[in-house]
Amino acid sequence: LRAALREGSARCRQRDFAAAAAKFCTALELCSKGFATEDPLKSSPDDISRLASWIESKLVICYLKLGQPGLALHHSHRSIIENPSHFCNHLRQAACFRCLHRYSEAARSAMVAQYLYVLAEGAVLDTSDLLQLYWQAMIQEALSGEISFSVLYTPFVKEDKADKIKEANKTFAEKHPDYVQHIFTDPHGIHLLPEKAESHPGQQYLLTLGFRNKEIGKTLEKFVTQKLPIFPGQKITFSPSMEEEAETFWQNTGKTIMAAMAFIGSTKIKDERGPCARAIEQFHHASLLSHLQRGEEQAQVMAQVMAELATVPYLQRVSQEDDKLLQSLMADAVDILAGRTGERVWTKIHKV
């Protein structure tokens, strides 16, 4: 294992990234067999996880350098699953999303990276500022390429939320007249913006979205404002006899809804619906991809779900009940990735 790691690192320094990736893959295989410490019988699971995460992170770098961001993204999810508290793992994930032009998801990863950095180290303000700039740039990229919806952030202090939401909707209609077919303000969770702490200490925001298409706006509002996210168009989406309708739904509606949901998550650390709500949204997405027989994309989404679930306890307080759900959903994600079927927590949620 040491030899493989030394050789991989040497190849990286020589910029021979293909050879380095091969060596790191060998190291990962050895690591999975228990050779992460001197005595496999006395090895600590944490030590093995940290080493596996480090190897995965090296593979992310190699595949990004080789121009394979999709493969790099897969390894970035795995590096987070193994070590979710290290901000660099989330920053590399942001780089992968950025290379794939998935800017809202890149913004979320950068936001999480900045949050974890401040929690863990926080002392070097320059680094924190750079992470915020990266996060801000990704938000701007996401909005510049978006034509189906627009957004407005309204500063929020703990006042009457209902009145502030009405006011925000009215202000949005005045500022963005092209996006008034449907307007709503996210009631679950307060949003944060990548601004320097000294200029806006602890400032929170309400997020208002407006849409060109009324049906898409109404459908998205229904999805993101319910306590338990239920994917819109479910009767079409999950009926095995209606594959063509499911494809049409995905092309006309599903893609736009997922893009808007990803954007909502790019400025929201804590979710009042519950810590697992975002993961449940992704489970719905994976189910739809499975129905459309897109196995590779489904596996990618499930790996992303596992990374999301592994990070949750570092972002918000998790109750005993939520922790049980979180662990069950993580087990379900592993089962789905392994191709196992059966009665799971996710199956029950799906039925409800």
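Residues numbered from 1 in each chain as written. Predicted model: local features only at pLDDT ≥ 70, side-chain atom pairs only at ≥ 80, totals over all residues. Heavy atoms only, no water.

Named according to an unreviewed UniProt entry, the protein chain is SPT16 protein originating from Rhabdornis inornatus.

1. Some details on the overall build of the protein chain
The condition that has to hold: In this description a helix means any DSSP run of H or I spanning at least four residues, a strand means any run of E spanning at least two, and both kinds are numbered starting from the N terminus. Throughout, the radius of gyration refers to the C-alpha atoms, and the reference size of a globule is 2.2 Å times the residue count to the power 0.38. We call a residue buried when its accessible area falls under 20% of the maximum for its residue type, exposed when it is over 50%, and partly exposed in between, using a 1.4 Å probe and counting protein chains only. Should any heavy atoms of two residues lie within 4.5 Å, those residues are counted as being in contact. Surface exposure here means Shrake-Rupley accessible area, sampled with a 1.4 Å probe, where a residue is shielded only by the protein chains that are shown. When charges are counted, Lys and Arg contribute as positive and Asp and Glu as negative, whereas His and the chain ends are disregarded. Working definition for charges: the position is that of NZ of Lys, CZ of Arg, CG of Asp or CD of Glu.
Along its length, the protein chain carries 15 helices and three strands. Relative to the compact-globule value of 20 Å for 352 residues, the protein chain shows a C-alpha radius of gyration of 21 Å, a close match. Buried residues in the protein chain amount to 49% of all 352 residues. Long-range contacts, defined here as pairs at least 24 residues apart, represent 69% of the contacts in the protein chain between residues at least 6 apart. Of the accessible surface of the protein chain, which amounts to about 17500 Å², a share of 52% is contributed by carbon and sulfur atoms. Looking at charge distribution, the protein chain has the averaged site of its 41 positive side-chain charges lying 2 Å from that of its 42 negative ones.

2. A look at the sheet that holds strand 3 (residues 204–211)
Keep this limit in mind: Strand pairing is defined by DSSP finding a minimum of two bridges between the two strands. Here an axis means a line fitted to C-alpha atoms, over the contact stretch when the element is a helix, while the angle between two N-to-C directions is reported on a 0 to 180 degree scale.
A sheet is described by the order of its strands in space; here three strands give the open sequence 1-3-2, paired in antiparallel fashion. Of all strands in the sheet, those bounded by a partner on one side alone are strand 1 (149–156) and strand 2 (182–185). Each strand axis lies, on average, 20 degrees off the axis of its neighbour in the sheet, ignoring direction. Bridge count for strand 1 against strand 3 is eight bridges, and the pairing is antiparallel. Bridging from a neighbouring strand, Pro155 pairs with Tyr205 of strand 3. Against the sheet, helix 8 (residues 161–175) makes contact with strand 1, strand 2 and strand 3, and its axis sits at roughly 135 degrees relative to strand 1, the strand it touches most.

3. Examining the packing of aromatic side chains
We count it as follows: Any two of the Phe, Tyr and Trp rings considered here, Trp counted by its six-membered ring, make a pair once their centres fall within 6.5 Å; the pair's planes then place it as stacked at under 30 degrees, edge-to-face at over 60, or tilted in between.
Using the criterion set out here, one finds six aromatic pairs in the structure. Plain terms: the ring middles of Phe87 and Tyr117 are 4.8 Å apart, the flat faces sit at 70 degrees to each other, and that makes the pair edge-to-face. Taken together, the residues Phe87 in helix 5 (residues 87–99) and Tyr117 in helix 6 (residues 103–120) connect sequence positions 30 residues apart. For the residue pair Phe87 and Tyr117, the accessibility class agrees, reading buried in each case.

4. As for the packing of helix 4 (residues 69–82) against helix 5
Which entries qualify depends on this criterion: If an angle is under 35 degrees, it is roughly parallel; if it is over 145, roughly antiparallel; if it lies from 65 to 115, roughly perpendicular; otherwise it is oblique. Crossings are assigned a handedness: left-handed for a near helix turned anticlockwise from the far helix by less than a right angle, right-handed for a clockwise turn. Classification convention: Asp, Glu, Lys, Arg as charged; Ala, Val, Leu, Ile, Met, Phe, Trp, Tyr, Cys, Pro as nonpolar; all other residues, Gly among them, as polar.
The contact between helix 4 and helix 5 brings their axes to 9 Å, and the two run at 160 degrees. Relative to helix 5, the element helix 4 is oriented roughly antiparallel. In this structure, helix 4 meets helix 5 at a crossing whose hand is left-handed. In this structure, helix 4 contributes Pro69, Ala72, Leu73, Ser76, His77, Ser79 and Ile80 to the contact, and helix 5 contributes Asn89, His90, Gln93, Cys96, Phe97 and Cys99. By residue class, the composition of the contact of helix 4 with helix 5 is seven nonpolar, six polar and no charged.

5. Quick look at the state of the cysteines
Which entries qualify depends on this criterion: The disulfide criterion is simple: two cysteine sulfur atoms within 2.5 Å.
The tally for this structure, following the rule as stated, stands at zero disulfides. Just so you know, Cys31 is unpaired, no disulfide at all, and the nearest cysteine sulfur is the one on Cys25, 13 Å from it. Not engaged in a disulfide, the cysteine Cys99 finds its nearest cysteine sulfur in Cys96; these two sulfurs lie 6.8 Å apart.

6. Considerations on the pairing of strand 3
Across the eight residues of strand 3, seven count as buried, placing the element largely inside the fold. Relative to strand 3, strand 2 runs antiparallel, the two sharing four bridges. Residue pairing in the sheet places Ile183 in a bridge with Gly210 of strand 3.

7. Quick look at the pattern of salt bridges
Any two side chains of opposite charge can pair, given that their charged atoms come close. What counts here: By salt bridge we mean one thing: a side-chain nitrogen of Lys or Arg within 4 Å of a carboxyl oxygen of Asp or Glu.
Enumeration according to the criterion identifies twelve salt bridges in this entry. With a shortest N-O distance of 2.8 Å, Arg273 and Asp271 are connected by a salt bridge. Take Arg273: its relative accessible area is 7%, and that puts it in the buried class. The buried category is assigned to Asp271, whose relative accessible area is 11%. Taken together, the shared-partner salt bridges in this structure form one network comprising Asp186, Lys268, Asp271, Arg273 and Glu281.

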